[in-house]
Amino acid sequence: MKPEHYGIGIAKGLRVTIKHLFRHPVTVQYPEQKLHVSRRIRGNELVWDNVKCTGCATCSKACPIGAIQIATKIDKEKNKYDVDITVDTGYCIQCGLCVEACPYEAIYMGYSYEKAKYRRNEIIQSNDMLLPSETRIRSGYMSPGIAAQLPEQTLLLEKITEKEE
Amino acid sequence: MAIKTEPFLLNIGPQHPSTHGVFRMRATMDGEVIVDMEPVFGYLHRGIEKLAEERTYNGFVSLTDRLDYLSSMSNNFAYCMAVEKLAGIKVTERCEYIRVIMAELQRIASHLIAVGAFLNDCGAFMTPIVYMIREREKILDLFEMVSGQRLTYNYMRVGGLSQDIPEEFLPALDKFLEQMPRWIDEYDQLLRQNEVLLARSRGVGILPKETAINISASGPVLRASGVKWDIRKVDPYSVYDRFEFDIPTGACGDCYDRYRVRVEEMRQSLRILGQARKQLPGGEFQTPVVQPVHLPVGEVYGHIESTRGELGFYIVSDNSIAPYRCHIRAPSFLNLTALRDMVVGWKIADAILIFGSIDIVMGEIDR
């Protein structure tokens, strides 16, 4: 089957391409400009709350990969249980099942990306490294209270500013 | 004196940009014409079916994302539906509707990549796929909003969803539904009547109706051959029987038909989305389920119309917290078996095009 008039299809295609020349770009210059990620982002650094955590290891059991290890021991001086948590972020697939499983809301997904590490021993994180800090922000995944405090997600749907025809 | 020629073996892949993943074709060539073709795969094998046997039912949902990584929501949907079928869990209305919305958004996102990659293989280098990735990005934004990830959503659970949709989701969806038809029309205009594309894809790689049925192809590959077969219509699951939509079919099953069927399916998905958005009820998004989920002894097969065809999960349970056996019926895998029939007799440049028109995802084939 042959087209009736050669060249019309190509001209129509070119029209679309030329229209795009006059549209605003939708991309940003990444390292300088950054968009806001979702409030529920399952970022790549877990945040741990050592006050709420009871060391029940529900998160460890829920983890499909086995990246979380929890050990408890008796601290005789303070007469309480001490929780030892170790997260192998190299194995973590950021599925968020540990956050869902935790009955005490003691573990959160991180509100972060671009957290590459230079050394292998830095990817295994434990105890104090997992506490919330300025660089280790809690994400609103499974906790709407925290989500409300985070900035609103940038949507490409709203970003595209097209000239009306 | 005639020149003595003999067929030679040409190896394409596994590290080749047009094999869409780590797929390898061993083609026996007579000059530029393919006389025989042997697909070689297994480079991405991770043993996901075996991994299912040592994970809880909810724990495996995160791994179903890694099967067909361009339509993770459909995978979640199919798996959760199969488990719920055996457990006898009834999910709520709201949950069903949200699942349908997610599955249809995913179909559009996946078909955009399929069409873009196909046009890329045709030689329309990078322009269409970049436009289509931009549209897909809008859908990914919506998915990121509800589930927190952009590729491996892990959104559905046995008995419902992980979380309800946030309040800013529905306005964004409305905006998307308003914008998207115009974009699809525009991209359709980009290459539908292009003479070069027509010359390259019309009548190339014809898959006859009978062969398509014999190899148990499904999805757009089967429908392009003229068979009106869609699980959403012939065996309605979830709430699909409440929506009005058509099944687009092709005329003869060539590469062009497969491309057209995908574009039409995007339009039909938008129709379903519009209806689902209007009918979306309130209420609970989750049925309470005792964790970890225990299934009664038995076996179940749950299937949905995924973006690439019939995606099925066959689960055998022995009343423990993990399946005894979990088999995945991967649509790309069965569609790929048509490749040899379609490719033989065509030139090497057409083989790339035919292969692109099947739209496979290696994560699902090798599992």
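Just so it is clear, the structure is predicted and the values come from calculations on it, not from any experiment.

What counts as what
- Residues numbered from 1 in each chain as written.
- Chains lettered and ligands numbered in written order.
- Predicted model: local features only at pLDDT ≥ 70, side-chain atom pairs only at ≥ 80, totals over all residues.
- Heavy atoms only, no water.
- Helix = DSSP H or I, 4+ residues; strand = E, 2+ residues; numbered from the N terminus.
- Rg over C-alpha atoms; globule rule 2.2 N^0.38 Å.
- Buried < 20%, exposed > 50% of the residue type's maximum accessible area, 1.4 Å probe, protein only.
- Contact = heavy atoms within 4.5 Å.
- Areas by Shrake-Rupley, 256 points an atom, 1.4 Å probe, with all protein chains shown as cover.
- Lys, Arg positive; Asp, Glu negative; His and termini not counted.
- Charge placed at Lys NZ, Arg CZ, Asp CG, Glu CD.
- Patch = residues over 30% accessible without salt bridge, like charges linked within 9 Å, V, L, I, M, F, W, Y side chains within 5 Å.
- Salt bridge = Lys/Arg side-chain N within 4 Å of Asp/Glu carboxyl O.
- Expected span 1.5 Å × (residues − 1).
- Buried area = accessible area lost by both parts, 1.4 Å probe.
- Nonpolar A, V, L, I, M, F, W, Y, C, P; charged D, E, K, R; others polar.
- Axes fitted to C-alpha atoms, helices over the stretch in contact; angles between N-to-C directions.
- Left-handed = near helix turned anticlockwise from the far one by under 90°.
- Phe/Tyr/Trp six-rings, centres within 6.5 Å; stacked < 30°, edge-to-face > 60°.
- Disulfide = S-S within 2.5 Å.
- Pairing = 2+ DSSP bridges.

Asks: Residues and numbers for the overall build of chain A, please.
Replies: Looking only at helices and strands, one finds five helices and five strands in chain A. Listed by position from the N terminus, the elements making up chain A come as α-β-α-β-β-α-β-β-α-α. By the compact-globule yardstick of 15 Å for 165 residues, chain A is too spread out, its C-alpha radius of gyration being 24 Å. Taken over the C-alpha atoms alone, chain A extends approximately 90 × 40 × 30 Å along its principal axes. Residues counted as buried form 38% of the 165 residues belonging to chain A. Nonlocal contacts in chain A, meaning residues at least 24 apart in sequence, comprise 74% of its contacts between residues at least 6 apart. Total accessible area on chain A is roughly 10600 Å²; 54% of this is exposed by carbon and sulfur atoms. Averaging the locations of the 23 positively and 20 negatively charged side chains of chain A gives two centres separated by 4 Å.

Asks: For a nonpolar patch on the surface, give the residues involved together with the corresponding values.
Replies: Side chains of Ile10, Leu14, Ile18, Leu21 and Phe22 of chain A together with Val196 of chain B sit close together on the surface and give an oily, nonpolar patch of about 600 Å² of accessible area. Topologically, isoleucine 10 of chain A is positioned in helix α1 (residues 8–21).

Asks: I'd love a proper account of helix α3 (residues 72–87) of chain B, names of residues and values included.
Replies: Residue and element names in this part refer to chain B. Helix length check: α3 (16 residues) gives 23 Å between terminal C-alpha atoms against 22 Å at 1.5 Å per residue, within 8%. For α3, the buried fraction is high: 14 of the 16 residues fall into the buried class. Within two residues after α3, glycine 88 carries a phi angle of roughly 70°, on the positive side.

Asks: Tell me about the interface of chain B and chain A, residues and numbers included.
Replies: Contacts between chain B and chain A engage 45 residues on the former and 40 residues on the latter. Together chain B and chain A conceal approximately 3600 Å² of surface at their shared face, both sides included; 51% is due to carbon and sulfur atoms. For the side of chain B that touches chain A, the secondary-structure elements that each account for two or more residues are α2 (61–64), α5 (127–147), α6 (169–191) and α7 (195–201) of chain B. Ranked by residues supplied to the side of chain B that touches chain A, first place goes to α5 of chain B with 11 residues. Residues that form the side of chain B that touches chain A fall into these classes: 15 nonpolar, 15 polar and 15 charged.

Asks: Before we move on, can you summarise the packing of α3 of chain B against helix α4 (residues 93–122) of chain B with the specific residues and values?
Replies: Residues and elements named next belong to chain B. Contact geometry of α3 with α4 gives a least axis separation of 8 Å together with a crossing angle of 145°. The two elements α3 and α4 meet at a crossing, and its hand is left-handed. Contacts from Ser72, Met73, Ser74, Phe77, Cys80 and Glu84 of α3 reach α4 at Arg99, Met102, Ala103 and Gln106. Its residues assigned to classes, the contact of α3 with α4 comprises five nonpolar, three polar and two charged.

Asks: Tell me about the packing of aromatic side chains, and please be specific about residues and values.
Replies: Residue and element names in this part refer to chain B. The final tally for this structure, using the stated rule, is 15 aromatic pairs over all chains. Consider the rings of phenylalanine 60 and tyrosine 79, whose centres lie 5.0 Å apart with planes at 70°: the pair is edge-to-face. Of this pair, phenylalanine 60 sits in the loop between α1 (48–52) and α2 while tyrosine 79 sits in helix α3; the two residues are 19 residues apart in sequence, bridging distant segments of the chain. When its relative accessible area of 0% is taken as the criterion, phenylalanine 60 is described as buried. Between tyrosine 256 and tyrosine 259, the aromatic rings sit 5.9 Å apart at their centres with planes inclined by 65°, giving edge-to-face as the arrangement. Of the two residues, tyrosine 256 and tyrosine 259 are both situated in helix α11 (residues 255–279); the distance of three residues between them amounts to about one turn of the helix. The exposure classification of tyrosine 256 matches that of tyrosine 259, with both residues buried. Among the aromatic residues, those joined into a cluster by ring pairs are Phe77, Tyr97, Tyr237, Tyr240, Phe243 and Phe245.

Asks: Please provide a residue-by-residue account of the state of the cysteines, values included.
Replies: As enumerated under the stated definition, the model contains zero disulfides over all chains in all. Sulfur of cysteine 92 of chain A: no disulfide; nearest cysteine sulfur belongs to cysteine 98 of chain A and is 6.5 Å away.

Asks: Help me get a handle on the environment of methionine 342 of chain B, residues and values and all.
Replies: Residues and elements named next belong to chain B. Among the structural elements, methionine 342 can be located in helix α13 (residues 339–343). It is 6.2 Å that separates the C-alpha atoms of methionine 342 and isoleucine 206, two residues lying 136 residues apart in sequence. The contacts of methionine 342, once residues within four sequence positions are left out, are Gly205, Ile206, Leu207, Arg258, Ile354 and Ile358.

Asks: So what's going on with the sheet that holds strand β6 (residues 298–306) of chain B? Residues and values would help.
Replies: Residues and elements named next belong to chain B. Across the sheet, which stays open at both edges, the three strands sit in the order β6-β7-β8 with antiparallel pairing between neighbours. In this open sheet, the two strands that pair with only one neighbour each are β6 and β8 (325–329). Taken over all neighbouring pairs, the strand axes of this sheet differ in orientation by 10° on average, direction set aside. Sheet topology note: the β6/strand β7 (residues 309–317) ladder contains nine bridges and is antiparallel. Each bridged residue has a counterpart across the sheet, and for glutamate 305 the counterpart in β7 is glutamate 310.

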